[in-house]
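Descriptive analysis of the structure
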Amino acid sequence: MKNILVITGGFPTASQTFVTREVASMLDKGFNVTVLCSNEGDDMGKNLFSELECQRCKVICVDFFSRHLPFTKGIARTFPHFPKQYYGYDWTIRKLGYFNKVIQKLSGKQYDLIHAHFLEWGFNVALPLSKLLRVPFTVTVHDSHLEKYQNSSLHAVQKESVGIALVSDSWKTLWVEKTNNTHKLTTIYNGVEPEEFSIAKQSDERPIKIILVSRLTERKRVAEALEAMAVLIGKGYTVTLDVLGDGPLMGQLTKKRDDLGLQDIVTFHGFCPHKKVREMMARAHLFWHCSAYESFGIVIVEAMMCALPVVVANSPGAFDVTAQGAFGKLYEPNDINHLVHLTTPLLTSSSKRITVGTQLRDYSIAKFSWSLHMNTILSFWRFALKKSD
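Residues numbered from 1 in each chain as written. Predicted model: local features only at pLDDT ≥ 70, side-chain atom pairs only at ≥ 80, totals over all residues. Heavy atoms only, no water.

For the peptide bond that leads from Phe11 to Pro12, omega is -5 degrees, which places it in the cis range. Note on placement: Pro12 falls in the loop between β1 (3–7) and α1 (17–28). Phi is positive for Arg221, which is not a glycine, with a value near 55 degrees. Of note, Arg221 is situated in the loop between β8 (208–213) and α8 (223–234). (Helix = DSSP H or I, 4+ residues; strand = E, 2+ residues; numbered from the N terminus.)

What follows covers the environment of Gln263. Residue position: Gln263 is located in the loop between α9 (250–259) and β10 (266–270). Residue Gln263 is classed as partly exposed on the basis of its relative accessible area, which comes to 41%. The spatial distance from the C-alpha of Gln263 to the C-alpha of Ser351 is 30 Å, given a sequence separation of 88 residues. Among all residues touching Gln263, those that are not within four sequence positions of it are Arg257 and Asp258. (Buried < 20%, exposed > 50% of the residue type's maximum accessible area, 1.4 Å probe, protein only. Contact = heavy atoms within 4.5 Å.)

Along the chain, Leu241 turns up in strand β9 (residues 239–244). What makes Leu241 buried here is its relative accessible area of 0%. Spatially, the C-alpha atoms of Leu241 and Glu294 are 22 Å apart, while their sequence positions differ by 53 residues. Excluding anything up to four places from it in sequence, Leu241 contacts Ile210, Ile211, Leu212, Ala225, Leu226, Met229, Ile265, Val266, Thr267 and Trp288.

Our focus in this paragraph is the sheet that holds strand β6 (residues 163–166). In a beta sheet, neighbouring strands pair by backbone hydrogen bonds and run either parallel or antiparallel. Pairing is parallel in the open sheet, where seven strands are placed in the order β3-β2-β1-β4-β5-β6-β7. The sheet is open, and its two borders are formed by β3 (58–61) and β7 (185–187), each paired with just one other strand. This sheet shows a mean twist of 20 degrees between the axes of neighbouring strands, independent of strand direction. With three bridges joining them, β6 and β7 adopt parallel strand pairing. (Pairing = 2+ DSSP bridges. Axes fitted to C-alpha atoms, helices over the stretch in contact; angles between N-to-C directions.)

Written out as structure tokens, the structure is:
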């Protein structure tokens, strides 16, 4: 296994650093890597791409959602090999132009493996391309909305791929519930590089700084954090909350903060580069995460790497990341009193926060380090290819 074609949506993007980091690690290990993406990512993602010295990676960008001229001789040759049974005639006709253009840009290069990030790209691109190029494919399923996919898409990927990596045991369970099939499934946790994260300096100074890193959307439930802050202030605790992230609810959440009289307590910082996120985590005392539906929850692991105590909503990913609440506190979503109850013991003692934080850092390094992730994914690819021979 030497030549790998990676398929994803935007590349490189600041919100999907794990894709860029995986490409960099593959290059370091001597693989020839080509990335097929649908858009060119963003400036912050490109900065990381340069920092990790990914320039040896060939990037091919073909917009999956644009209209591509369908009627060419290449299309006529491609059509008989396209897996139309999974997509239907109309979809196939619309997308053949895209695949014809992709194949032209790949320039006849031979690949040993196609690996897709996210089920969306696994089903829509990797599966058809695998058939057209006659190359096996695998998928890492990060998608936070896995429950919304049609079961037929999961069945198709499970049948045609050589291996499927789910980013948490809870996501693996959800997949099995939708397909009643465990074949080719494995759990591979996302990874974090411990050396990038400084240990937070705990002290008895006031205010106690709570940090929350999240997209500002309905699913992330950031309003719960505002309501919990109002309760804590009402109980006499000297605390602040820094919210890092942007999204469509920024205006609504800012108004809610002001209506609660928390203008001097809660600060919305908007979107922040990953470096700034790490720096602000290292200056915080405690981490909150309110999303009720996460496939993994990598930002929780990042907080653990900073030795921050974490109080997080009991989502499927958080349930796994915290080892069912053994490492980190799980509160039930929409239960503000439960969030407050689990937080208050951590507000009064820096020594307790240090003890808890040290345990979480040691645990996260042992279970979620980047080197462990890469060793696991490489073993997964080798095993999947061996089984497909």
